[in-house]
Amino acid sequence: MENVQSPVLQISGLSGGYSAKRPVLHDVNLEVGRGEMVGLIGLNGAGKSTTMKHILGLMTPQQGEVRVMGKKRDEDAQIYQSAMAFVPESPELYDEMTVMEHLEFTARAYNVSEADFKQRTEKLLNLFRMNEKSTSLSTHLSKGMRQKVMIMCAFVAGPPLYIIDEPFLGLDPLGIRSLLDFMLEMKAAGSSILLSSHILSTIENYCDRFIVLHRGHVIAQGTLNELRTKFGEPDTPLEHMFYSLVQGRD
Amino acid sequence: MDLKLLWKQRRTGFWNGILPYVGYVIQSGVAMVFLFLVIAFSAWYTSFVQNIPAGFPIRWIALLLLAPLALFSSYRTYLLPADIVFLRPQEYRMQDYLKNSFVRGVIYKMLLLLFVFLTLWPLYVRADVDAKPLGWSMLFLVLWKVLSSYGAWQELRMVQAGASKGYRILRWAIAILAVAAWLWQPPLRSLWFLLLLAAVYIVALRVPVKHRVAWERLIQVEQTQAGRVMRTLGWFVDVPSSGQKVNSRRWLSKWGNGLPWNAGQAYRYLMTKTFIRTEVFTIVLRLIILGMLLSWWTAGSYFGIGVYLFFLLLTGIQLGVLRRSHGESFWIMIYPISGESRRSQVLGFIFQLHAIAALLMWLPMLAAGMEGLSITGIALILGVLVIVLMRRSQGSKWLKEEEDE
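Residues numbered from 1 in each chain as written. Chains lettered and ligands numbered in written order. Predicted model: local features only at pLDDT ≥ 70, side-chain atom pairs only at ≥ 80, totals over all residues.

Participant: Explain the overall build of chain B to me, please; I cannot follow it from the model alone.
Facilitator: Looking only at helices and strands, one finds 15 helices and zero strands in chain B. In terms of overall dimensions, chain B is globule-like: its C-alpha atoms have a radius of gyration of 24 Å, near the 22 Å expected for 405 residues. On the principal axes, the C-alpha backbone points of chain B span a range of 65 × 60 × 40 Å. Evaluated residue by residue, chain B yields a buried proportion of 27% over its 405 residues. (Helix = DSSP H or I, 4+ residues; strand = E, 2+ residues; numbered from the N terminus. Rg over C-alpha atoms; globule rule 2.2 N^0.38 Å. Buried ≥ 20, exposed ≤ 12 C-beta atoms within 10 Å, placed from the backbone.)

Participant: Would you mind going over the overall build of chain A with me for this structure?
Facilitator: Tallying secondary structure elements over chain A gives nine helices and nine strands in all. For chain A, whose C-alpha radius of gyration is 18 Å, the value lies close to the compact-globule estimate of 18 Å for 250 residues. For chain A, buried positions account for 43% of its 250 residues. Of all intrachain contacts in chain A linking residues separated by at least 6 positions in sequence, the fraction that spans at least 24 positions is 70%. (Contact = placed C-beta atoms within 7 Å.)

Participant: Just to check I follow, could you spell out the domain arrangement of chain A for this structure?
Facilitator: Accessible area lost upon the coming together of the parts serves often as the stated size of an interface. Residues and elements named next belong to chain A. Domain parsing of chain A yields domain 1 (1–83 + 159–250) and domain 2 (92–158). Measuring from the centre of the C-alpha atoms in domain 1 to the corresponding centre in domain 2 gives 25 Å. Per element, the largest residue contribution to the side of domain 1 that touches domain 2 is five residues, and it comes from helix α6 (residues 173–188). For the side of domain 1 that touches domain 2, the per-class residue count stands at eight nonpolar, four polar and one charged. (Domains from an automatic or database assignment. Nonpolar A, V, L, I, M, F, W, Y, C, P; charged D, E, K, R; others polar.)

Participant: Any chance you could explain helix α7 (residues 161–184) of chain B here in plain terms?
Facilitator: Residues three or four positions apart in an α-helix share a direction because the helix packs 3.6 residues into each turn. All names here are of chain B. Counted at 1.5 Å a residue, the expected span for α7 with its 24 residues is 34 Å, and the 35 Å between its end C-alpha atoms agrees. Residues of α7 that are buried: Y167, R171, I174, A175, A178, V179, W182 and L183. Next to the buried residues of α7 lie α3 (58–71), α6 (134–157) and α8 (187–205). (Expected span 1.5 Å × (residues − 1).)

Participant: For this particular structure, what's the right way to read the interface of chain A and chain B?
Facilitator: Contacts between the two partners involve 21 residues from chain A, matched on the other side by 21 residues from chain B. Going through the elements one at a time, α2 (77–82) and α3 (99–109) of chain A are the ones with two or more residues in the side of chain A that touches chain B. For the side of chain A that touches chain B, the element with the most residues is α3 of chain A, which contributes five residues. Residue classes in the side of chain A that touches chain B are distributed as nine nonpolar, five polar and seven charged.

Participant: Is there a simple way to explain the sheet that holds strand β7 (residues 192–196) of chain A in this structure?
Facilitator: The pairing of strands in a sheet happens through backbone hydrogen bonds and is either parallel or antiparallel. Residues and elements named next belong to chain A. Overall, mixed pairing links the six strands, which are arranged β5-β6-β7-β3-β8-β9 in an open sheet. Every other strand in the sheet has two partners, leaving β5 (84–87) and β9 (217–222) as the edge strands with one partner each. Along the sheet, successive strands turn relative to each other by an average axial angle of 15°, direction set aside. Taken together, the four bridges between β5 and strand β6 (residues 161–165) define a ladder with parallel strand orientation. Along β6, the bridge assignment pairs M84 with L161. Helix α1 (residues 48–56) rests against β3 (37–41), β5, β6, β7 and β8 (209–214) of the sheet, and its axis sits at about 150° to β6. (Pairing = 2+ DSSP bridges. Axes fitted to C-alpha atoms, helices over the stretch in contact; angles between N-to-C directions.)

Participant: Help me out: how do you make sense of the packing of α3 of chain A against helix α10 (residues 266–277) of chain B in this one?
Facilitator: In helix packing, the relevant descriptors are the interaxial angle and the interaxial distance, both defined with respect to the helix axes. With their axes 8 Å apart at the nearest point, α3 of chain A and α10 of chain B run at an angle of 155° to one another. The orientation of α3 of chain A with respect to α10 of chain B, classified from their angle, is roughly antiparallel. Contacts between α3 of chain A and α10 of chain B involve E101, E104, F105, R108 and A109 of chain A from the first element and A266, Y269, L270 and K273 of chain B from the second. (Parallel < 35°, antiparallel > 145°, perpendicular 65-115°, else oblique.)

Participant: Mind showing me how you'd approach the sheet that holds strand β4 (residues 63–68) of chain A here?
Facilitator: All names here are of chain A. In space, the three strands of this open sheet follow the order β2-β1-β4, with antiparallel pairing throughout. Lying at the two open borders of the sheet, with one neighbouring strand each, are β2 (25–32) and β4. Direction aside, the axes of adjacent strands within the sheet are offset by 15° on average. In this sheet, β4 lies alongside strand β1 (residues 9–16) in antiparallel orientation, the contact comprising five bridges. Within the sheet, the bridge partner assigned to S12 lies in β4 and is E65.

Participant: Sorry if this is basic, but what is going on with the environment of R73 of chain A here?
Facilitator: Residue and element names in this part refer to chain A. By the element assignment, R73 lies in the loop between β4 and α2. R73 gets classed as buried once you count the C-beta atoms within 10 Å, which come to 20. Along the sequence, R73 and I55 sit 18 residues apart, while their C-alpha atoms lie 8.9 Å from each other.

Participant: Sorry, what's going on with the pairing of β8 of chain A here?
Facilitator: Looking down a regular strand, the side chains alternate between one sheet face and the other. Residue and element names in this part refer to chain A. Of the strand pairs in this sheet, β3 and β8 are connected by four bridges, and their pairing is parallel. Each residue of the ladder has a partner; that of L40, found in β8, is I211. With five bridges connecting them, β8 and β9 associate as antiparallel partners. Along β9, the bridge assignment pairs L213 with V218. As consecutive antiparallel partners, β8 and β9 are separated by two residues, and within that stretch R215 has a phi angle of approximately 50°, a positive value.

Participant: In this structure, what is going on with the nonpolar core? I would like to understand it.
Facilitator: In summary, soluble globular proteins display a tendency toward joint burial of nonpolar side chains. M152, A154, V156, L161, I163 and L195 of chain A are the most contacted members of the largest nonpolar core, which has 104 residues in total. When residues of this core are assigned to their parent elements, the largest contribution, ten residues, is made by helix α5 (residues 143–157) of chain A. (Core = buried A, V, L, I, M, F, W, Y, C linked by C-beta atoms within 7 Å.)

Participant: Please explain the packing of α7 of chain B against α8 of chain B as it appears in this structure.
Facilitator: Residues and elements named next belong to chain B. With their axes 9 Å apart at the nearest point, α7 and α8 run at an angle of 165° to one another. What the angle tells us is that α7 and α8 run roughly antiparallel. In the crossing of α7 with α8, the sense of the turn from one axis to the other is left-handed. Residues I174, L177, A178, A181 and W182 of α7 touch α8, and the partners they reach there are S190, F193, L194, L197 and Y201. Residue composition of the contact of α7 with α8, by class: nine nonpolar, one polar and no charged. (Left-handed = near helix turned anticlockwise from the far one by under 90°.)

Participant: I'm lost on the confidence of the model for chain B in this one. Help?
Facilitator: As a general rule, the predicted coordinates of low-pLDDT regions are not to be interpreted in detail. The share of residues in chain B with pLDDT of 70 or more is 97%, and the mean pLDDT across the chain is 89. Across the predicted assembly, pTM comes out at 0.78 and ipTM at 0.87. (pLDDT = per-residue confidence, 0-100.)

Participant: Sorry if this is basic, but what is going on with the environment of L245 of chain A here?
Facilitator: All names here are of chain A. In this structure, L245 sits in helix α9 (residues 238–247). For L245, a count of 19 C-beta atoms within 10 Å corresponds to the partly exposed category. Separated by 49 residues in sequence, L245 and S196 have C-alpha atoms that sit 17 Å apart. Excluding its chain neighbours within four sequence positions, the residues that come into contact with L245 are V212, I219, A220 and F231.

Below you can see the structure in the form of structure tokens.
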């Protein structure tokens, strides 16, 4: 029987990168628990996207392992991939499909029932103000709208884990607010979220924990209060702590 | 910056990228089949020219062959998306760069037009009692090709997409009208008509507002053209396919919505939408219509079987392009769709479309009636054999590629 306390995402001793001689990640250990939203933060080139690619199965670890819902990808790729949805930094859409068709394709791929698909789609289209664009081809959408489609596709799939990379790029203020509110709603419903963003002032109030990556190493992790206890004053903003954490390490 | 040199470097770079694949194309069995068909056609054509049936509709055949070639225009500019930033400051000098694109775009297509015309000439001159002189006909085709190419170039510069579409229809209409006038009317009368038509068209082209350089449209067109070259290569060898022109085709948009709702059909859903919105659909549709016409025309003859199988082969090759459509797309690596499911759905989809095409192109052969029943039956059996063999060949090729990876 599956342990209800086991983390949804567990990365242990992960080292990896594009070349075996020059790994980007060095002994990365992190977990995302059920119903938890974790912020993955770091400078450009810190290894955030590489970490995400390892989780998604796009890269193979040189050392260590990645488990989603307790399973490694090579144990059962189908279950592994079904357990997560991804929102990339740059929207990747099929030119041949409309907004609604992207949602339907995703729902079919993730085996979402037709009734759930309809209910989720209606809610998401309203939330992200995309009703009028539902029959538009993706090539006719602005960058922000394309990003909204990516986000909606992830949420229509409804898996236990969301991997979200820089979701706010290109979104309008209402879109950002809608996304944050919806992420809280999904979290409350038991979903887990690993979120990467440079807008620390925004995610500071939404994430349960933060993981700071620097040059491929996890240099700090914990709740906002835990980080403050270790690296700052009681009311220090996350951005200040992050700045002082990475500043002395270059 | 030497813009003429930049154009030449880009052109050389693109074709150098294509060159390594040419060997594979030559080695490919499909290339041999084409060669065989060219030889077979030559033999049939020579014999046909010597025994032209009475009342043969040569003017209609000439119109059908020459008008599309006289109006068809496309250009390779080798422009890149980054040029909007880096080349735009040179916009006032871009004539130097784009002149090459225009000239090359006209010359090669003109050579093709003249080749087809000269191939048709022996048939035309024997079948038409009032055949126009060779020299004057060639001069007319050359001049109309230049005019049509100029019009197509101006369409690319038009600010309004609607105006561009409207002028494209106008170009098609007047090209068909011009070729028809040349074929049906006495030379002097058609000459005056053609001069008037050309003058009105040139004046009309000056009306719409145009960009000095329509960057976005030219880049989009270039991506489509480069994508076409890669897809043509894709008939023979595994090359990445990209830059497909997408058309919304709302009248077809419901196709695929009725697929059973399960993960097993997810990839087929994507394939269906890809098929209806890309050029594969229009190419296959054109092949089916032309194949039906020729099947009807050659019904009851062994040559008709050859024509039928040739069109079935071409349709199969075109449908095979779908196999490479999204094979390496980002989401296919992320979404929980297994390789096995993808393979079976794509091959099944292609097979079904191919079978429908085979049936549609076979039905007109029934026009031969009871007398040609045995030939019609043979055509059906061979047709089924072709689609089954192509299905098996695509399946084993796919498996081999997966093993190689």
